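# Overview (structure and organization)
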Amino acid sequence: MTFTKSATTVIVSLLLTSIAVAADTRGVPKILDGDTVEIGDQRVRIFGIDAPEMEQLCLDAAAQRSSCGADARNALLSFGARRSWSCKSVDVDQYGRHVARCQIEGQDVGRWMVAQGWALAFIRYSSNYVEDEKAARAARRGLWSGAFIAPWDWRSRSTSTVIHGAVSVPAGAQKLLLNSLSEAGAPAGACAIKGNFKVDGSCIYHQPGQRFYDAVHMNGSDRKRWFCTPADAEKAGCRAARW
């Protein structure tokens, strides 16, 4: 049997993908956030869970603003840092990360995060941890002690986004939780673009979610300016950040 060049390319690509997906990754990880780590040069997304984004705002048990993305990462740090992980890839996502089931000394990392209330069962992809989530919710552990938006909803949030958490959710919680940590300091929710003017007069603007958005500190300097739209920033002489 002979194959055309294009068919051969497809077959080779499929074989390489299947090898990558079947790969085991072992080692002591660098914890990036509540559901993503790096082991060696491989970035791994923990299968079946979704933890708050690092920019995400939540309310704690005292109804005070909390950095729940950092809290989730810190929980994973306390559990898994400086310990050897064993991860079995089940997929490769659109960002090139291995989506994997990970264990530490036989203990399922995803299950631990959901059971402690610092991640949700990502039911779009797996129902493995639904019962663990129910237990965390009943015990008001982690995120469930206060109020929060499900991470998958927060990434595409709107005024109709559902708020989860403790039985009594404070009035006005949604308005706060729809913001990100960086946007919370902006003059208005819709004016969250950061303009960074350099000494030479050039300017770069950063939109929420971009790589260096958090690194631009809006400290009242005359070389920093908020903008409402990219068009406003470009009119002021700024160019868009590349990442």
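Residues numbered from 1 in each chain as written. Predicted model: local features only at pLDDT ≥ 70, side-chain atom pairs only at ≥ 80, totals over all residues. Heavy atoms only, no water.

## Focus: the overall build of the protein
Tallying secondary structure elements over the protein gives seven helices and 17 strands in all. Sorting the 243 residues of the protein into buried and exposed places 40% on the buried side. In the protein, once contacts between residues fewer than 6 apart in sequence are set aside, the share between residues at least 24 apart is 56%. As presented, the protein carries roughly 13,500 Å² of accessible surface, and 51% of it is formed by carbon and sulfur atoms. (Helix = DSSP H or I, 4+ residues; strand = E, 2+ residues; numbered from the N terminus. Buried < 20%, exposed > 50% of the residue type's maximum accessible area, 1.4 Å probe, protein only. Contact = heavy atoms within 4.5 Å. Areas by Shrake-Rupley, 256 points an atom, 1.4 Å probe, with all protein chains shown as cover.)

## Section: the layout of surface pockets
In this structure, the largest pocket occupies an estimated 1,400 Å³ of space. Along the wall of the largest pocket there are 40 residues; nearest its centre are Asp-33, Glu-53, Tyr-95, Arg-97 and Arg-155. Sort the elements by how many residues they give to the lining of the largest pocket and strand E4 (residues 42-46) lands first, with three residues. (1 Å grid on protein atoms, 1.4 Å probe; cavity = no way out; pocket = protein on both sides within 12 Å on 5 of 7 lines; lining within 4 Å. Points joined across faces, edges and corners; volume = space filled by probe spheres on them.)

## A closer look at helix H2 (residues 68-80)
With 13 residues, H2 should cover 18 Å at 1.5 Å per step; its first-to-last C-alpha distance of 18 Å lies within 8% of that length. Downstream of H2 by one or two residues, Arg-82 has phi in the positive range, about 65°. (Expected span 1.5 Å × (residues − 1).)

## With respect to the state of the cysteines
In this structure the tally under the stated criterion is three disulfides. One disulfide bridge connects Cys-58 with Cys-68, the sulfur atoms lying 2.0 Å from each other. Classification of the bridge connecting Cys-58 and Cys-68 rests on its S-S torsion, roughly 60°, and on that basis the disulfide is right-handed. Within this pair, whereas Cys-58 is found in strand E6 (residues 58-59), its partner Cys-68 is found in helix H2, the two being separated by 10 residues in sequence. Classification of Cys-68 as buried rests on a relative accessible area of 1%. Two residues share a disulfide in this structure: Cys-203 and Cys-238, whose sulfurs sit 1.9 Å from each other. (Disulfide = S-S within 2.5 Å.)

## Side note on the packing of aromatic side chains
Under the defined criterion, the tally for this structure stands at four aromatic pairs. Ring geometry for Phe-122 and Tyr-125: centres 4.9 Å apart, planes at 85°, overall edge-to-face. Members of the aromatic cluster, connected to one another through ring pairs, are Phe-122, Tyr-125 and Trp-152. Above the plane of the ring of Trp-154 lies Arg-157, whose end atom (NZ or CZ) is 3.9 Å from the centre. The side chain of Lys-194 reaches across the aromatic face of Tyr-213, ending 4.3 Å from its centre. (Phe/Tyr/Trp six-rings, centres within 6.5 Å; stacked < 30°, edge-to-face > 60°. Lys NZ or Arg CZ within 6 Å of the ring centre and 35° of its normal.)

## Side note on the sheet that holds strand E15 (residues 203-206)
One open sheet holds the four strands; their spatial order is E16-E14-E15-E17, and the pairing between them is mixed. Every other strand in the sheet has two partners, leaving strand E16 (224-227) and strand E17 (238-240) as the edge strands with one partner each. Between one strand axis and the next, the sheet turns by 30° as a mean value, whatever way the strands run. (Pairing = 2+ DSSP bridges. Axes fitted to C-alpha atoms, helices over the stretch in contact; angles between N-to-C directions.)

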